[in-house]
Amino acid sequence: MGYSISTRCSKKLIVFFAIIFLLLPAASFAEDEKEEKPQIRTVQTPTAIRDYSFRASADLLLPYIDYNPADGFITGLYLYGSDYLGSHQVEAIGGYGFNSGRTHLQAGYTYMRFWPAFGINLFERYTYIENSDSKTDEDEEWFRERGGNFLVSFPISKNLRVDAVYTLKEVFEEFREYPGAPYKRYQQAAIGASIVWDNVVYQEIGPISGIQFNIHGDFGEKNLGSDFYYRNYEGEIRGYANYNFNQHWKYGKRLVAATRLMAGYKENDVLVFPLGGQDSLRGYDYHEFHGTRILLGNLELRYPLFEINYVVLPMDLFLAKRLDFAVFGDAGHVWNDSKNAKFENTEASIGAALRFLMFIYGKIPLYHNIEFAQSITDAKRDAALYFSFGTMF
């Protein structure tokens, strides 16, 4: 008896709960239908969507390091930032030379929402030029530039653009005619124009194919705010080609041939062209030669020796990637008048380099270079050994 009563109660409960479960969804659907109707009527049109709000980020904030014989090691910070849409870009570099005690500062902003693009750049930089007068002290062989420029960039095609720039700067000449003489100071202002072509293809080893050229001219006048009239013309072309030896044997790598040709002419400019050292003519002292005219050519053959692929620190902070080998030849000449523009006065050198390639955070390449160079036009010169970061071109 007890069992039959329990069975009947269970059947009644099952029927009761079934009715409840059937009625609840129907009731909630009716309520949802009533609530959704006013929401549909109040949906905003696309024109009522709120305006874009500014969002920015520091894409790169990294330690900065460089080296040259005049400054010694230059340490500092490199910052690159942009907004969410890439319309605003900010770049800043700050470094301090331990040997020279001088700071190198540069900060720029570019607005790229519309074309042409607009940019402003502020700087304080130093240029060291070897002084042939041994009576002057070493710390007086510097030029300091402090100022800025305003740039407008016009794209003509995918690879071609034209830039127009206005530059205003003060130049302090730290050569002294006699001990205690005041430093010379000049104000220079000029309008400039550049034609730039660039279709270079890059891989992790750097540029591997294509051509870059840049033709630039500066025209300084008193009407523009300059203390004097001056002219500066420079042209540079870089070419890259490669051949992949992996087509012939299993362990073959890609050989890259890199070339650079540069020519320049200055008239009444305070700053002349320096030549010598790891940034131009290897096998010679840093900025040993200087003049108002310059011709420079560089050729390098670059080849990866072997892959390393070893994480030096956790989280890929420093990824040791590869060891590269290069052989090179440099030739250059600077002069001040046509009497010295003779082919036999050209200086030339050959050399070899080992380059250790690392990646910061697994993405940003950093080269450590050890270069050995020997002059082939001056047999009395000793061979030169250089330590540097990055490649010259």
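The written sequence of each chain sets the order in which its residues are numbered from 1. Two thresholds apply to this predicted model, a pLDDT of at least 70 for residue-level local features and 80 or more for giving and counting side-chain atom pairs, whereas whole-chain, interface and lining totals are computed over all residues. Remark: hydrogens and water are excluded; side-chain values derive from all non-hydrogen atoms of the structure.

> Any details on the pattern of salt bridges? Residues and values, ideally.
By convention in these notes, a salt bridge is any Lys or Arg side-chain nitrogen within 4 Å of a carboxyl oxygen on Asp or Glu. Within the structure shown, the criterion is met by 21 salt bridges. A salt bridge links Glu 371 to Arg 282; the shortest N-O distance between them is 3.1 Å. Within this pair, whereas Glu 371 is found in strand β18 (residues 364–375), its partner Arg 282 is found in the loop between β13 (273–275) and β14 (289–291), the two being separated by 89 residues in sequence. For the pair formed by Glu 371 and Arg 282, the shared burial category is buried. Between Asp 378 and Arg 381 there is a salt bridge, and its shortest N-O distance comes to 3.1 Å. Accessibility here uses a 1.4 Å probe with only protein chains present; expressed as a share of the type maximum, an area under 20% marks a residue as buried, one over 50% as exposed, and anything in between as partly exposed. Classification of Asp 378 by relative accessible area gives partly exposed; the value is 24%. Because the salt bridges share partners, they merge into one network encompassing Arg 282, Glu 300, Arg 302, Asp 330, Arg 355 and Glu 371. A run of H or I in DSSP becomes a helix once it reaches four residues, and a run of E becomes a strand once it reaches two; helices and strands are each numbered from the N terminus.

> How would you sum up the environment of Lys 222? Please name residues and give values.
Inspection of the secondary structure assignment puts Lys 222 in the loop between β10 (206–220) and β11 (230–244). Since its relative accessible area comes to 60%, Lys 222 is described here as exposed. The spacing of Lys 222 and Ala 189 is 33 residues in sequence and 7.8 Å in space, taken between C-alpha atoms.

> Describe the confidence of the model for the protein chain, and please don't skip the residues or the numbers.
Confidence in the prediction of the protein chain, expressed as mean pLDDT, is 81, and 79% of residues score 70 or more. Confidence of the prediction at every residue is given by pLDDT, a number between 0 and 100. The contact definition used throughout considers only heavy atoms, calling two residues in contact when any of these lie within 4.5 Å. Long-range and interchain partners of residues 20–54, a stretch whose pLDDT sits below 50, account for six contacts in this model, where long-range means more than four residues apart. Low pLDDT (under 50) marks residues 134–139, which in the prediction has six contacts with non-local residues, meaning those over four places away or in another chain.

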